[in-house]
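Listed below, chain by chain, are the residues.
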Amino acid sequence: MAISIEIWKLIAGIVIFIMGMRFLEEALKQIAGRPFKLFLRKHTTNKVKGILGGAVVTGILQSSSVVNIMVLAFVGAGVISMQNALALMLGSNLGTTLTSWLIATIGFKINIESLAFPLTGIAGLAWSLTSSNSRFYQWLHFLLGFGLLLIGLQFMKEGATETVKQIDLTQFNQYPAIIFLLCGVIITSLVQSSSATVALVLSAIYTGGITLYAGCAIVLGAEIGTTIKLLIAAQGKMADKKRVAFGNFLFNTLTTIVVFFMLTPFLWFITETIGIKDNLIALVFFQSTVNIISIILFFPLLNIFGNFLQKRFTENEKETRFLHLVKPTDQELALQAMEKEVIHFIYHVIDFFIDALELKELSVEGNLINHHYNTKGTLDKYEFIKELHGDIHGFYLKMQGNNSDSENVLRTESLISAVRNAMYGAKSMKDGLQDALLLRNSSNESKFRYYKASQGRMKGFLEPLLRIMIAPDDKRAELLERLYYSVAEQYTNSVRLLYKEHTYSNLNESEITTIINYNRELYTAKKSILLAVKDFLLGSEAAARFNDLPGFIR
């Protein structure tokens, strides 16, 4: 039983350490997110600045993952070149070793408990009592994270010390170094923090559980394991993001292979030639040197490496179904593709409405939407719609100036108006999601009934809308106008009812406000998608008559 308790204490220490790291990351992103982003942008104008900027920001943020994900966002937005992004990641890998130095030089040299427990207790209590809008909230969040990090480290030290007393870990030292390297890859891939892996290794070396040689092999594995999170974050249609993430993976993997085959003479150089006899310092010196070697190896080859990566991935995952198949300069084909893409977009927005309100008995035919769209969650569907909107808008901008036919110009403007209105509808529906969740999960019958009623009204709106989209041309204007009047009347009645005394007398002011806001978002979404369908389906004369209809939701 004693053995199992100490092992669980060691595991708990790892978990608390990771929680502390996450708290630190979250707080620092809020405290200085924009300055750090601006700093990164400013210091990525060339490869040397990229390395230095990556090292500095990661050293402060104490998370290479956060910095590298920022880099992916910059690359995706076209803010920095891929070669400079790769340079920044080389610097980021070096900057993350600052955590290891702090742990080795301070964490194992002082009485952590005397600082960690009071810091965590005071900061945690103050944090829990402070409003999230307070200017002190994120600083208390930061201090709480730092305290948890120290407590986690203390638990790891104590757990490792007692475990070594109970279990002879030295028996594992007979295994080849490749086993320890693989352990480092697996552990870091699972915990998603190379700092936690290094802290665990330092604890094991401190207690004599493993040798410096085995510990360095695990750290080498951690260099590979820490790239997995970035590879996952890079998944999507942006080829440049994949290239940068894969480049970071290759940097760390190739450096690890080179150093692994030189591990014995490398350690001899550190301990004998340089004379570092403290195994904890030797380990973090080894980690830093590995990342310096990576910079030396790859910095001169960044342009060549970048050209190599450019050929490895292509933009093979398209949100668009038709636009990427034609050139925007080809007037007729581009307009035909635009027609098909816009209706494709509108159907995706309607499906988002259905998913947002869980209208399980209603669906859009599978052949009308992208095959991987239905595998996404509600918010991921919204992100897909945003990207698709951006692709269509970008194509429209390229079409401008190539249309010489006035009718084609008018039709193109109607199509982009349809896309714009559909996007407004998706945004309104997304803004109502949180209120929908509150009403859906409420134990208050009035609130739950209102949600169920809103589901029914949305179903009653979308069913005729889907029929209108496939109705004969000569019927569409009349059917759209009829649906528009129906929605306008519903909205007027709903507002009148919401503001009627005693309608929701069992609800407090905040709950009534939630329902009012939710009601407005739903009807704004309905109006926007109606206008989108109008822009797509109706000719200029019918659309003009529709535009003259009395408005609602001003």
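Residues numbered from 1 in each chain as written. Predicted model: local features only at pLDDT ≥ 70, side-chain atom pairs only at ≥ 80, totals over all residues. Heavy atoms only, no water.

Draft legend 1. Representation of the overall build of the chain within the structure. The secondary structure content of the chain amounts to 23 helices and 0 strands. The burial tally for the chain puts 51% of its 554 residues in the buried class. Long-range pairs, those at least 24 residues apart, make up 79% of the contacts in the chain between residues at least 6 apart in sequence. By element, 60% of the accessible surface of the chain is carried by carbon and sulfur atoms, the whole surface being about 26,200 Å². (Helix = DSSP H or I, 4+ residues; strand = E, 2+ residues; numbered from the N terminus. Buried < 20%, exposed > 50% of the residue type's maximum accessible area, 1.4 Å probe, protein only. Contact = heavy atoms within 4.5 Å. Areas by Shrake-Rupley, 256 points an atom, 1.4 Å probe, with all protein chains shown as cover.)

Draft legend 2. Local environment of the nonpolar core. With 74 residues, the main nonpolar core has Met338, Ile346, Ile350, Leu462, Leu465 and Ile529 as its most contacted residues. At the level of secondary structure, the elements contributing two or more residues to this core comprise helix 16 (331-356), helix 17 (378-399), helix 18 (406-431), helix 19 (433-440), helix 20 (445-468), helix 21 (473-498), helix 22 (509-537) and helix 23 (540-547). With 15 residues, the top contributor of residues to this core is helix 16. For Ile350, the residues in contact, after removing those within four places along its chain, are Val364, Leu462, Leu465, Leu466, Met469 and Ile529. Counting 47 residues, the second largest nonpolar core, distinct from the first, contains Phe180, Leu181, Ala196 and Val219. (Core = buried A, V, L, I, M, F, W, Y, C linked by side-chain atoms within 4.5 Å.)

Draft legend 3. Here's a closer look at unusual backbone geometry. For Glu358, which is not a glycine, the phi torsion comes out positive at approximately 55 degrees. Along the polypeptide, Glu358 turns up in the loop between helix 16 and helix 17.

Draft legend 4. Here's a closer look at helix 14 (residues 279-298). Compared with an ideal rise of 1.5 Å per residue, which puts 20 residues at 28 Å, helix 14 spans 29 Å between its outermost C-alpha atoms and is within 8% of the ideal. Among the 20 residues in helix 14, 14 count as buried, and that is most of the element. Residue Asp278 occupies the N-cap position of helix 14, its side-chain oxygen lying 2.9 Å from the main-chain nitrogen of Leu280. (Expected span 1.5 Å × (residues − 1). Polar contact = N/O pair within 3.5 Å; in protein donor to acceptor, adjacent residues only side chain to side chain.)

Draft legend 5. Molecular detail of the packing of aromatic side chains. Tallied over the full model, the rule gives 12 aromatic pairs. Ring centres of Phe23 and Trp127 lie 5.9 Å apart, and the angle between their planes is 55 degrees; on these two criteria the pair is classed as tilted. Placement of Phe23 in helix 1 (residues 2-42) and of Trp127 in helix 6 (residues 112-129) is noted, with a sequence separation of 104 residues between them. On the basis of relative accessible area, Trp127 is assigned to the partly exposed category, the value being 22%. Centre to centre, the rings of Tyr484 and Phe546 are 5.2 Å apart; their planes meet at 70 degrees, and the pair counts as edge-to-face. Of the two residues, Tyr484 is situated in helix 21 and Phe546 in helix 23; the sequence distance between them amounts to 62 residues. You can call Tyr484 buried: its relative accessible area is 3%. By relative accessible area, Phe546 is classed as buried at 5%. The structure contains a cluster of three or more aromatic residues connected by ring pairs, namely Phe23, Trp127 and Tyr137. The ring centre of Tyr450 lies 5.2 Å from the NZ or CZ of Arg457, which sits over that ring. (Phe/Tyr/Trp six-rings, centres within 6.5 Å; stacked < 30°, edge-to-face > 60°. Lys NZ or Arg CZ within 6 Å of the ring centre and 35° of its normal.)

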